[in-house]
Amino acid sequence: TRFEVAFKKGKEGSWVIPSLLPNTRTPSTHERIYELSFIPVGLFGRLIARLNKWEGIEFLEVWRNGLYFQTEDHHQKAEITVEKGDGCERIRVRL
């Protein structure tokens, strides 16, 4: 570690060598997709506002059609996005 080419992940975690990491984010291991023929205007904004009221939720990033958040204890992260196309609309939830 003197040369800072590796670091230990967490207190008792495994060693990480940044130069050996993949170029892109690892695909989510859990994903659920809801396909709907119609999503009411403003539904996603209301979802963001409602999640903001929950204790223990910390937004990491928010955009018009998505949000990325984690639990306050950092044990779980989730991404929720709304996608349109192919004659239907999708709400995608990735953990």
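Each value, and the rule that gives it
- Residues numbered from 1 in each chain as written.
- Predicted model: local features only at pLDDT ≥ 70, side-chain atom pairs only at ≥ 80, totals over all residues.
- Heavy atoms only, no water.
- Helix = DSSP H or I, 4+ residues; strand = E, 2+ residues; numbered from the N terminus.
- Rg over C-alpha atoms; globule rule 2.2 N^0.38 Å.
- Contact = heavy atoms within 4.5 Å.
- Pairing = 2+ DSSP bridges.
- Axes fitted to C-alpha atoms, helices over the stretch in contact; angles between N-to-C directions.
- Core = buried A, V, L, I, M, F, W, Y, C linked by side-chain atoms within 4.5 Å.
- Buried < 20%, exposed > 50% of the residue type's maximum accessible area, 1.4 Å probe, protein only.
- Arc of directions from axis to C-beta.
- Salt bridge = Lys/Arg side-chain N within 4 Å of Asp/Glu carboxyl O.

Student: Explanation requested: the overall build of the protein chain in the structure shown.
Tutor: Helices and strands together make up the secondary structure of the protein chain, namely one helix and seven strands. The C-alpha radius of gyration computed for the protein chain amounts to 18 Å, which surpasses the reference 12 Å derived for 95 residues by more than 25%, pointing to a less compact arrangement than a globule. The principal-axis extent of the C-alpha atoms belonging to the protein chain is close to 55 × 35 × 20 Å. Relative to all contacts within the protein chain whose residues are 6 or more apart in sequence, the contacts with residues 24 or more apart total 30%.

Student: Mind showing me how you'd approach the sheet that holds strand β7 (residues 88-94) here?
Tutor: Backbone-to-backbone hydrogen bonds pair the strands of a sheet. The strands run either parallel or antiparallel. Within the open sheet, the five strands sit side by side as β3-β7-β6-β5-β4. Their pairing is antiparallel. Edge positions in the sheet fall to β3 (31-36) and β4 (57-63), since each of these pairs with one other strand and no more. Each neighbouring strand pair of the sheet contributes to a mean axis angle of 15 degrees, computed without reference to strand direction. Sheet analysis places β4 next to strand β5 (residues 66-71), joined by six bridges and oriented antiparallel. Across the sheet, I57 pairs through a bridge with T71, a residue of β5. This element, helix α1 (residues 43-53), spans β4, β5, β6 (77-85) and β7 of the sheet and lies at about 155 degrees to β4.

Student: What's the story with the nonpolar core in this structure? I'm lost.
Tutor: If you look at the biggest cluster of nonpolar residues, it comprises ten residues: I39, F44, I48, L51, L67, F69, A78, I80, V82 and I91. What F69 contacts, discounting residues up to four positions off in sequence, is L51, I57, E58, F59, L60, Q76, K77, A78 and I80.

Student: For this particular structure, what's the right way to read unusual backbone geometry?
Tutor: Trans peptide bonds make up most of the peptide bonds, and negative phi angles are found at most residues other than glycine. For D86, which is not glycine, the phi torsion reads 55 degrees and is therefore positive. A relative accessible area of 73% places D86 in the exposed class.

Student: Which parts of the structure should I look at to understand α1?
Tutor: The α-helix advances 3.6 residues per turn, and as a result positions three or four apart in sequence lie on the same side. Residues of α1 that are buried: F44, I48 and L51. The arc that holds the buried residues of α1, viewed along the axis, is 70 degrees, so those residues lie on one side. Structural note: α1 exposes R46, R50 and K53 on the side pointing more than 90 degrees away from its buried face. Packed against the buried residues of α1 are β4, β5 and β6.

Student: Any chance you could explain the pairing of β5 here in plain terms?
Tutor: Along a regular strand, successive side chains alternate from one face of the sheet to the other. For β5, the tally of buried residues reaches five of six residues, placing the bulk of the element in the interior. The loop that links β4 with its antiparallel partner β5 comprises two residues.

Student: Help me understand the pattern of salt bridges in this model?
Tutor: Taken as a whole, this structure holds six salt bridges when the rule is applied. Between R92 and E31 there is a salt bridge, with its nearest N and O atoms 3.2 Å apart. A residue pair is termed long-range when its members are at least 10 positions apart, and R92 in strand β7 and E31 in strand β3 qualify at 61 residues. Between E35 and R90 there is a salt bridge; the shortest N-O distance is 3.3 Å. Within this pair, whereas E35 is found in strand β3, its partner R90 is found in strand β7, the two being separated by 55 residues in sequence. The exposure class assigned to E35 is exposed, which follows from its relative accessible area of 53%. Several salt bridges share partner residues, and in doing so they unite E31, E79, E83, R92 and R94 into one network.

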